[in-house]
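Coordinate inspection notes
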Amino acid sequence: MINWKTVRQTLLGDRVDSVLPPDIKIPVLPKVLTEFLTRSKNENCTFQQLGSIIETDAGLTCELLRSLNSSRYGLKAKVTTVSQALSLLGLRNAKLLLLSEAIKHTMTQRESRLINLQTFWNTNLERAFLARRIAQRLNVDSELAFSAAMIQDFILPALTNEHTDFYSEFMSRSKTDTAELVAAEHQHFGWDHTYVGARLLFDWEFPDEMIVCVLMHHAGFALFKNPLLSQTAATAVAVAGQLPDVLRQVPDGLDNLRHLEVIWPEFDLLMTARDVEADLENVSVNKPRHHFSLYQRITKTDDLRPAAEAECTRG
């Protein structure tokens, strides 16, 4: 059993061993969530008491019930109260779900000069579904993988607002430039968005396992060889982090996912992409529109490949 606190301490440290970028405007989490996290540490606090805290925030209440009643959980009867939802999910999974939804809600209240937030969160949703599918294949914590993948880039809208020139230049670079975003951030700033996001989550007292997954989400396939993290949700999140996005964070991400079938024979990219496509289709509220999915990317590329090969043969 992995000790997430020890891993987090090793990777991130405790408290202010280094500081956040001074010019970042720190988002503020809903007060109700802070109270929920504090009260949930008390073993004597009941689901009804915790539920009454969440119910004071209509947005979080609606998101919790909507998510639990979606096809994702396959419940036969609708859940109508927060305390019932907490009981069915269990405190840990409910906490993961609420934390991810709270971050999404907080960040979507901010405007972005560079990122279309609807497109941004559509990609995050697909990334979360992909991480969950991969976690299921690895037989690791799929709920943690889903929640962590959903919020792994939550800080990017704020960072792109504060450093628009840098991120705009990164997005507009030549397609032959294969440098990844985290490397470019390190070279320019001395930090990257994985660290900033993880540090904020730590300051907000998020669970250690969520912090580690966010911190390591650009570690790539190296986590398959990591003795501590290879059989954890962190690996699933890192694989999902290869998904192409508007910022072109990992220019070779699609090719990397194709290569995964070579180093992990049990992985079937086309089948996984088809499963994720079905997950997206089953989203009943805020269904992603005008979203170029992983499945579409794969099938479009495969459709074009025979024609390109034929053209080369004729040449």
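Structure: see above.
Below you will find a few notes about this structure. It should be emphasised that the depicted structure is a prediction, and the values quoted were computed from it without experimental measurement. (Residues numbered from 1 in each chain as written. Predicted model: local features only at pLDDT ≥ 70, side-chain atom pairs only at ≥ 80, totals over all residues. Heavy atoms only, no water.)

**Here's the deal with the packing of aromatic side chains**
For the coordinates displayed, the defined rule picks out eleven aromatic pairs. With a centroid separation of 5.5 Å and an interplanar angle of 55°, the aromatic rings of F224 and W264 are classed as tilted. In this pair, F224 is assigned in the loop between α13 (208-215) and α14 (233-240) and W264 in the loop between α15 (253-263) and α16 (269-281), connecting sequence segments 40 residues apart. The class of F224 is partly exposed, set by a relative accessible area of 24%. Where W264 meets F267, the ring centres are 5.4 Å apart and the plane angle is 15°; that geometry is what we call stacked. (Phe/Tyr/Trp six-rings, centres within 6.5 Å; stacked < 30°, edge-to-face > 60°. Helix = DSSP H or I, 4+ residues; strand = E, 2+ residues; numbered from the N terminus. Buried < 20%, exposed > 50% of the residue type's maximum accessible area, 1.4 Å probe, protein only.)

**Some thoughts on the side chain of H217**
You can see H217 is positioned in the loop between α13 and α14. Here H193 takes part through its side chain, which lies 3.4 Å from a polar atom of the side chain of H217. Discounting chain neighbours no more than four positions away, the residues touching H217 are Q152, D153, H193, T194, V237, A238 and G241. (Polar contact = N/O pair within 3.5 Å; in protein donor to acceptor, adjacent residues only side chain to side chain. Contact = heavy atoms within 4.5 Å.)

**Considerations on the pattern of salt bridges**
For the structure on display, the rule yields twelve salt bridges. One salt bridge connects R127 with D153, and the closest N-O pair in it is separated by 3.2 Å. Here R127, found in helix α7 (residues 117-138), pairs with D153, found in the loop between α8 (142-151) and α9 (156-162); they are 26 residues apart in sequence, far enough to count as distant. The class of R127 is buried, set by a relative accessible area of 1%. D245 serves as the salt-bridge partner of R127, at 3.9 Å between the closest nitrogen and oxygen. Placement of the pair is R127 in helix α7 and D245 in the loop between α14 and α15, with a sequence separation of 118 residues. Per residue, the accessibility class of R127 equals that of D245, and both read buried. (Salt bridge = Lys/Arg side-chain N within 4 Å of Asp/Glu carboxyl O.)

**Here we look at the environment of R199**
Within the secondary structure layout, R199 lies in helix α12 (residues 193-203). Overall, the relative accessible area of 2% leaves R199 in the buried class. Along the chain, R199 and V214 lie 15 residues apart, while their C-alpha atoms are 9.7 Å from each other.

**Some points on the nonpolar core**
F36, I103, I151, F154, L201, F206 and L294 are the most contacted members of the largest nonpolar core, which has 98 residues in total. Top contributing element to this core by residue count: α7, with eleven residues. In this view, I151 contacts S100, I103, L201, F206, M210 and V214; residues no more than four positions away in its chain are not counted. (Core = buried A, V, L, I, M, F, W, Y, C linked by side-chain atoms within 4.5 Å.)

**Regarding the packing of helix α3 (residues 47-54) against helix α5 (residues 82-89)**
Remark: α3 packs on α5, axes separated minimally by 8 Å, with the N-to-C direction vectors making an angle of 125°. Taken together, α3 and α5 sit at an angle that is classed as oblique. Note that α3 runs across α5; the crossing there is right-handed. Every residue of α5 that contacts α3 at F47, Q48, L50, G51 and I54 is listed here: V82, S83, L86 and S87. Its residues assigned to classes, the contact of α3 with α5 comprises five nonpolar, four polar and no charged. (Axes fitted to C-alpha atoms, helices over the stretch in contact; angles between N-to-C directions. Parallel < 35°, antiparallel > 145°, perpendicular 65-115°, else oblique. Left-handed = near helix turned anticlockwise from the far one by under 90°. Nonpolar A, V, L, I, M, F, W, Y, C, P; charged D, E, K, R; others polar.)

The quantities given are spatial measurements derived from coordinates; they are silent on function.
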